[in-house]
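# Examination of the molecular architecture
What follows is the residue order along each chain.
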Amino acid sequence: ARADEASAGQPVETPNLDLDERIAPVSGRMFVKNGRHEISPTVGLSLGDAFFTKYLAGLRYAYHFGETWSVGLNGTYAVHSEPSGAVNRCDSNGQNCRAPTMDELARTPGDIGWMGSLDLSWAPLYGKISLLAQQVLHFDTYALLGAGVLESKMAPQGSPEVEAKILPALHVGVGQRYFVSRNATLRFEIRDVIYQTDAVGQPGEKDLQNQLVFTIGLSFFLGSGSEY
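Residues numbered from 1 in each chain as written. Predicted model: local features only at pLDDT ≥ 70, side-chain atom pairs only at ≥ 80, totals over all residues. Heavy atoms only, no water.

If you look at the biggest cluster of nonpolar residues, it comprises 10 residues: L56, A78, I112, M115, L150, L167, A169, V193, Y195 and V213. The residues touching A169, leaving out its near neighbours within four places in the chain, are G146, A147, G148, V149, L150, V193, I194 and Y195. (Core = buried A, V, L, I, M, F, W, Y, C linked by side-chain atoms within 4.5 Å. Buried < 20%, exposed > 50% of the residue type's maximum accessible area, 1.4 Å probe, protein only. Contact = heavy atoms within 4.5 Å.)

In structure tokens, the structure reads:
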């Protein structure tokens, strides 16, 4: 009895746990891409174009032959094009400025009908973000390099009629996927489409064009995949 009374009067010692023992870490990949097919409908628009603003719809297919590498086919169609808000048409004195019509911009570059490319993508970064200490959002960051063709619509020098030409193009871009489930991601991407077209006012000369395109896609992953 005396021993029980003595032990009852002494404080109970608690173990000194390390931080990793007191807070369970978030580890492992939520999402497996290796060996899976990715289908992604997209919407987007052109950025920084001096003459035209284009609103885009597209579809992307990719096969992931590793957790970091994939090869994909990308197709984009301009559902609507309009003169950019940065361009104005003025008289010879620089007065009476107004927004130009599409016909008045017929001889300027940048009016694209559609684009298609074959891309190689590399996703070296995989990370997690804590949302208000309640949920963990998984994401990856990728870079892509590809080649393809596009339809350029432009009137040649001395003609008011717009002609459509199929031109080769180089694609360079970066993007991020945010994993909303084990079979779907929300994807954001910016790509620079580089192509060569006729120089304005210089017959026979060529001019290098850069077309920045921003797209948002909802990707669906098919297949179970493999971690190896």
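This part covers the confidence of the model for the protein. Per-residue pLDDT for the protein has a mean of 83; in total, 81% of the residues score no lower than 70. Here helix α2 (residues 19–22) is the element of the protein with the lowest mean pLDDT, 49, and strand β1 (residues 37–47) is the one with the highest, 96. Here residues 22–27 is modelled with pLDDT under 50, and outside its nearest four sequence neighbours on either side it reaches 4 contacts, counting other chains as well. (pLDDT = per-residue confidence, 0-100. Helix = DSSP H or I, 4+ residues; strand = E, 2+ residues; numbered from the N terminus.)

Take the pairing of strand β6 (residues 163–181) next. Where strand β5 (residues 135–154) meets β6, 17 bridges bridge the pair, whose relative direction is antiparallel. The residue of β6 that forms the bridge with L150 is L167. Strand direction decides the pairing type here: β6 and strand β7 (residues 184–198), joined by 12 bridges, are antiparallel. Note that in β7 the partner of Y178 across the bridge is L186. Two successive antiparallel strands, β6 and β7, enclose a turn made up of 2 residues. (Pairing = 2+ DSSP bridges.)

On to the pattern of salt bridges. Applying the stated criterion across every chain yields a total of 9 salt bridges. Residue E38 is joined to R187 by a salt bridge in which the shortest nitrogen-to-oxygen separation is 3.9 Å. Taken together, the residues span a long stretch of sequence, with E38 in strand β1 and R187 in strand β7 at a distance of 149 residues. The exposure class assigned to E38 is buried, which follows from its relative accessible area of 1%. In this structure R187 comes out as buried when scored by relative accessible area, which is 2%. For D119, the salt bridge goes to R60, with nearest N and O atoms at 3.0 Å. Pair noted here: D119 is in strand β4 (residues 112–131) and R60 is in strand β2 (residues 52–64), with a separation of 59 residues, a long-range link. (Salt bridge = Lys/Arg side-chain N within 4 Å of Asp/Glu carboxyl O.)

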